[in-house]
Amino acid sequence: MVDSLLECSNLNIKFGQNHVIKNLNMHLLAGEILSILGPSGCGKTTLLRIIAGLENPCHGNIYLKNHEIFGPNINLQPSNRNIGMIFQDYALFPHLTVEKNILFGISNLEKRMQDENLERVQQLTRLEGLKDRYPHELSGGQQQRVAIARTLATNPTILLMDEPFSNLDASLRLSVKIEMEQILKSSNTATIFVTHDREEAFSISDRVAIMVDGAIQQVGPPDQIYFWPNSKESALMSGSCDFIKGSVSGKSVNTSIGPLPMRIPETFSDGDQVDVAIRQTDLSMEPTPTGKNIVVRKDFRGDETIFWVKTSHEEIIQCKHKIHTTLFPGLKVNLSPVQYTKFNVFKVPNC
């Protein structure tokens, strides 16, 4: 196994009676972009602050380059960890120019080293020509690049980013995401960023860690997380899905819409009661007067249309169409799996 650049082992932290981080384990590889994907309040930002040294766990260990930086007998100060953190609001100094913002963190270096680092990060983040501007004279994307440049100028071992795109207009996010990925890959800086937006996480990450209630549920490449979720929580965080009840029979699961092929049948036994995850693109709809399911809502979104379908068991399933369709609420339909689709199922507790 490749040695980890960062290793977090059995981290725990409480604020009063609130157990925010629970027995959390994770690692980061050199040059890797790892996203922590989870709902608001699950402990994502607290985890970043723990790694940076801004919060102290009540239990656990943190290793950086195989050296312990936090544990029962050690707690390296933030200034000695060489870990850079970019906050959600970028925290630029409004009274300083772009150049002086970038130089702020390396003011202790000799002038030649300052100039070399300034030129390096300006080229890397494409900020040439903006060095005399103030933060209020920059766009949101430019401000973010300044924040990245200021942090990279210190040559951090790891870069931490807290909701890096939340302050940007939707129209800017795609271009800024692409720019940020290029900057991080070009600098070969190992990065952890937290987000509650799966598209952000999937689009630029080498690996994604699903975080729920202070613990990591699953870690893996984005496509693995999407197609092979190990829990209902991971399935929900990795993409829109609904759940319907089913009973295992061989390699299929019997449901209100008929038998559905399972993705991992060998882990279940006949008769097991399960929840079946249905993605919006998993089923096709066929209008028929004898259909057992009924369209109850239609949501036109321009390049796609989402239909809410109620099954004979009163379960609601969403189906997506990317072409124009005349289907409408009140229509009876049959539902069938799209060709080659297999379904993730999760055993119902206490069954």
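Preceding this paragraph is the structure being described.
Since the structure is predicted, the reported quantities are computational estimates derived from the model, not experimental observations. (Residues numbered from 1 in each chain as written. Predicted model: local features only at pLDDT ≥ 70, side-chain atom pairs only at ≥ 80, totals over all residues. Heavy atoms only, no water.)

What exactly am I supposed to notice about the packing of helix α4 (residues 140-152) against helix α5 (residues 170-187) here?
Helices that pack against each other are described as a pair by the angle of their axes relative to one another and the distance between those axes. Viewed as axis vectors pointing N to C, α4 and α5 meet at an angle of 15 degrees, and their least axial separation amounts to 11 Å. The pairing of α4 with α5 is recorded here as roughly parallel in orientation. Relative to α5, α4 is oriented so that their crossing is right-handed. In this structure, α4 contributes G141, Q144, R145, I148 and L152 to the contact, and α5 contributes V176, E179, M180, I183 and S187. When the residues that make up the contact of α4 with α5 are grouped by side-chain class, the tally is 5 nonpolar, 3 polar and 2 charged. (Axes fitted to C-alpha atoms, helices over the stretch in contact; angles between N-to-C directions. Helix = DSSP H or I, 4+ residues; strand = E, 2+ residues; numbered from the N terminus. Parallel < 35°, antiparallel > 145°, perpendicular 65-115°, else oblique. Left-handed = near helix turned anticlockwise from the far one by under 90°. Contact = heavy atoms within 4.5 Å. Nonpolar A, V, L, I, M, F, W, Y, C, P; charged D, E, K, R; others polar.)

How do you make sense of unusual backbone geometry when you look at a structure like this?
Outside of glycine, negative phi angles account for most residues, and trans bonds account for most peptide bonds. Even without glycine at this site, N10 takes up a positive phi of about 55 degrees. Turning to its location among the elements, N10 is positioned in strand β1 (residues 6-15). A residue is classified by how much of its surface remains accessible, and N10, at 27% relative accessible area, is partly exposed. (Buried < 20%, exposed > 50% of the residue type's maximum accessible area, 1.4 Å probe, protein only.)

Mind showing me how you'd approach the pattern of salt bridges here?
A side chain of one charge can pair with a side chain of the opposite charge if their charged atoms are brought near each other. A complete count under the given rule lists 14 salt bridges for this structure. Between R145 and E179 there is a salt bridge whose closest N-O contact spans 3.2 Å. Taken together, the positions of R145 in helix α4 and E179 in helix α5 put the pair 34 residues apart, joining distant regions of the chain. R145 sits in the buried class, given a relative accessible area of 11%. D299 is the partner of R301 in a salt bridge, and the nearest nitrogen-oxygen pair spans 3.2 Å. Via salt bridges that share partners, E110, R112 and E116 belong to a single interconnected network. (Salt bridge = Lys/Arg side-chain N within 4 Å of Asp/Glu carboxyl O.)

Is there a simple way to think about the pairing of strand β7 (residues 83-86) in this case?
Successive residues of a regular strand alternate their side chains across the two faces of the sheet. Side-chain alternation along β7 places I83 and M85 on one buried face and G84 and I86 on a second face that is also buried. Both β7 and strand β8 (residues 158-162) contribute to a ladder of 4 bridges, which runs parallel. Within β8, the residue paired with M85 across the bridge is L160. (Pairing = 2+ DSSP bridges.)

Could you clarify how one ought to interpret the sheet that holds strand β6 (residues 74-75) in this entry?
Hydrogen bonds between backbone groups are what pair the strands of a sheet, and the pairing can be parallel or antiparallel. With antiparallel pairing, the 5 strands of this open sheet are ordered in space as β2-β1-β4-β5-β6. Where the open sheet ends on each side, the last strands, each with one partner, are β2 (18-28) and β6. Across 2 bridges, strand β5 (residues 67-71) lies against β6 in antiparallel orientation. Among the inter-strand pairings, G71 is bridged to a residue of β6, identified as I74. Where helix α1 (residues 44-52) meets the sheet, its contacts fall on β1, β2 and β4 (59-64), and the angle it forms with β1 comes to roughly 115 degrees.

Sorry, what's going on with the pairing of strand β20 (residues 332-337) here?
Judged from the 5 bridges that link them, strand β16 (residues 283-287) and β20 form a sheet pairing that is antiparallel. Looking at β20, one finds that E286 is bridged to N334. Across 2 bridges, the pairing between strand β17 (residues 293-300) and β20 is antiparallel. Residue pairing in the sheet places N293 in a bridge with V333 of β20.

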